[in-house]
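# Commentary on secondary and tertiary structure
One letter stands for each residue in the lines below.
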Amino acid sequence: MNGVNGRLPVLLRWLELAEPDIVCLQELKSPQEKFPESAIRDLGYDVIWHGQSRWNGVALLSRVGEIHETRRGLPGDPEDLQSRYIEGAVNGVLIAGLYLPNGNPRPGPRFDFKLRWFERLQTHLASLIRLEAPVIVAGDFNVMPTDRDVYAPERWRDDALFAPEVKAAYQRLLDQGWTDAIRRLHPDDVIYTFWKYWRGAFERNAGLRIDHLLLNPPAAARLVAAGVDTRPRAWEKTSDHAPVWIEIGEPKVRRRKPPVQELG
DNA sequence: ATGCCGCTCCAAGAGCGA
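Calculation criteria
Every chain begins its residue count from 1, and numbering advances along the sequence as written. Chains carry letters and ligands carry numbers; both start at the beginning, A for chains and 1 for ligands, and go up in the order they are written. Since the coordinates come from a predicted model, pLDDT governs what is reported: local features require at least 70, and pairs of side-chain atoms require 80 or more to be given and counted, while whole-chain, interface and lining totals use all residues. Think of the side-chain values as coming from all heavy atoms in the structure, minus any hydrogens and water. UniProt positions are given in the numbering used here, feature names are shortened, and annotations may be inferred rather than shown by experiment. Labels follow the DSSP assignment, with helices taken as runs of H or I lasting at least four residues and strands as runs of E lasting at least two, numbered in each case from the N terminus. The globule rule is 2.2 Å times the number of residues to the power 0.38, and the radius of gyration it is compared with is taken over C-alpha atoms. Should any heavy atoms of two residues lie within 4.5 Å, those residues are considered in contact. To measure how exposed things are, a 1.4 Å probe is used in the Shrake-Rupley method; for residues, cover is taken only from the protein chains shown. A cavity here means a set of points on a 1 Å grid, drawn over the protein atoms and nothing else, where a 1.4 Å probe fits but cannot get out; a pocket is an open set with protein on both sides within 12 Å along at least five of seven lines, and a residue lines either one if it has an atom within 4 Å of a point. Grid points are joined across faces, edges and corners, and a volume is the space filled by probe spheres set on the points. Residue polarity is assigned by list, with Asp, Glu, Lys and Arg as charged and Ala, Val, Leu, Ile, Met, Phe, Trp, Tyr, Cys and Pro as nonpolar; anything else, Gly included, falls into the polar class. Distances are taken per atom, and a residue is near a molecule or strand as soon as one of its heavy atoms is within 4 Å of it. Whenever two N or O atoms come within 3.5 Å, that pair is a polar contact, provided that in protein one can donate a hydrogen and the other can accept it, and provided that, for residues adjacent in sequence, both atoms are side-chain atoms. In this scheme, a helix's expected span is set at 1.5 Å multiplied by one less than its residue total. Relative accessible area decides the class of each residue, using a 1.4 Å probe on protein chains only: under 20% of the type maximum gives buried, over 50% gives exposed, and in between gives partly exposed. Charged residues are defined narrowly, with Lys and Arg counted positive, Asp and Glu counted negative, and His plus the chain ends left uncounted. Put simply, a salt bridge is a Lys or Arg side-chain nitrogen that is within 4 Å of an Asp or Glu carboxyl oxygen. Two strands qualify as a pair provided DSSP detects at least 2 bridges between them. Between N-to-C directions, angles cover 0 to 180 degrees, with each direction set by a line fitted to C-alpha atoms, over the stretch in contact for helices.

The name given to chain A in an unreviewed UniProt entry is Exodeoxyribonuclease III, with Brevundimonas olei as the source organism. As recorded by UniProt, the Sequence similarities (unreviewed entry) comment attached to chain A reads in full: "Belongs to the DNA repair enzymes AP/ExoA family."

Here you go:
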């Protein structure tokens, strides 16, 4: 997002263009009282947000039903006051929006904080994955999971977004049973969600895949399509990230008994 | 092989992002 107020024209233009049902925003860089609530509601969205002066900040938007907030802030550390996690239920689907710490420089206290945050996330998501309802965890994870997710992997080996400990932490999440929606449907494609502003990174497609959508098994069973909407990345005064999207289908109807002739 | 850009605070330059 890189500032919800600075990017508000881009956000509103994209909402009108793409007409997403549910949106998770990260890096609002806005205090709670300066969030542009009315501009978003005017486009027909319900919205909840967790702001913070200058840094961080996350929000959930929905135009398909009221958001019932279930949590703000990741549990497990009362000292952590950063606005990096918000969670709510919409139409029987649980949505978690997160903004994982960047962690640079590595090593250092900021990197340690990132690893601790990952551990707290693992603890919390371990309880969510077991829900019978679909659960979607969306956000800026600040990790490229594999070499395929980085335009120049060798340059990033020691970076806090690509360090072995961070990739391992992300893998431990997947090992809980979460599905990385983009990779489930596009296992081998070069797909990025972030491009630096300079050196023509977007034009050269020199990017990173750091924004992810994780699905619990009931959500994964309904996954229809997934991709990155690169259109707004080319706009003026835009974010350095592009929206990652998925399409979720209707709940699977319980199959009736097959016709007799199909039974051996 | 690097925040080179761009946001926030608040009115200059520091801190942050990745």
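Glancing now at the overall build of chain A. Each helix and strand counted, chain A has six helices and 13 strands in total. In terms of overall size, chain A behaves like a compact globule, its C-alpha atoms giving a radius of gyration of 19 Å where 264 residues would be expected to give roughly 18 Å. With the C-alpha coordinates aligned to their principal axes, the bounding extent of chain A is approximately 65 × 45 × 45 Å. Long-range contacts, defined here as pairs at least 24 residues apart, represent 66% of the contacts in chain A between residues at least 6 apart. For chain A, the computed accessible surface area is about 13500 Å², with 51% contributed by carbon and sulfur atoms.

A few words now on the layout of surface pockets. Considered as a void within the structure, the largest pocket measures approximately 1100 Å³ in volume. Of all elements in the fold, only α1 (8-18), β1 (22-26), β6 (93-99), β7 (135-140), β11 (211-215) and β13 (244-248) reach the threshold of two or more residues within the lining of the largest pocket. Here the residues of the lining of the largest pocket sort into 24 nonpolar, seven polar and nine charged.

Looking now at the protein's contact with DNA strand B. Around DNA strand B sit 24 residues, and of these Asn102, Arg110, Asn142, Leu161 and Arg199 come closest. Here the atoms of DNA strand B within 4 Å of the protein split so that 68% fall in sugar or phosphate, with bases taking the remainder. Here asparagine 102 contributes a side-chain N or O atom positioned 2.2 Å from a base nitrogen of DNA strand B. The separation between a phosphate oxygen of DNA strand B and a polar side-chain atom of aspartate 140 is 3.1 Å. Taken together, the residues that form the surface near DNA strand B break down as nine nonpolar, six polar and nine charged.

This part is about helix α3 (residues 109-128). With 20 residues, α3 extends 29 Å between its outermost C-alpha atoms, agreeing within 8% with the 28 Å of an ideal straight helix rising 1.5 Å per residue. Buried within α3 are the following residues: Phe111, Phe113, Lys114, Trp117, Phe118, Arg120, Leu121, Gln122, His124, Leu125 and Leu128.

The next subject is the side chain of arginine 7. By the element assignment, arginine 7 lies in the segment before α1. This buried residue, arginine 7, is left without a salt bridge; aspartate 240 holds the nearest opposite charge, at 6.0 Å. Residue contacts for arginine 7: discarding those within four places in its chain leaves Met1, Asn2, Tyr197, Lys237, Thr238 and Ser239.

Overall, mixed pairing links the six strands, which are arranged β4-β5-β6-β7-β11-β8 in an open sheet. Single-partner strands in this sheet number two, and they are β4 (68-72) and β8 (179-180). Where β8 lies against β11, two bridges are found, and the strand directions are antiparallel. If you follow aspartate 180 over to β11, its bridge partner there is leucine 214. Helix α4 (residues 164-175) contacts β8 and β11 of the sheet and is inclined by roughly 25° relative to β11.

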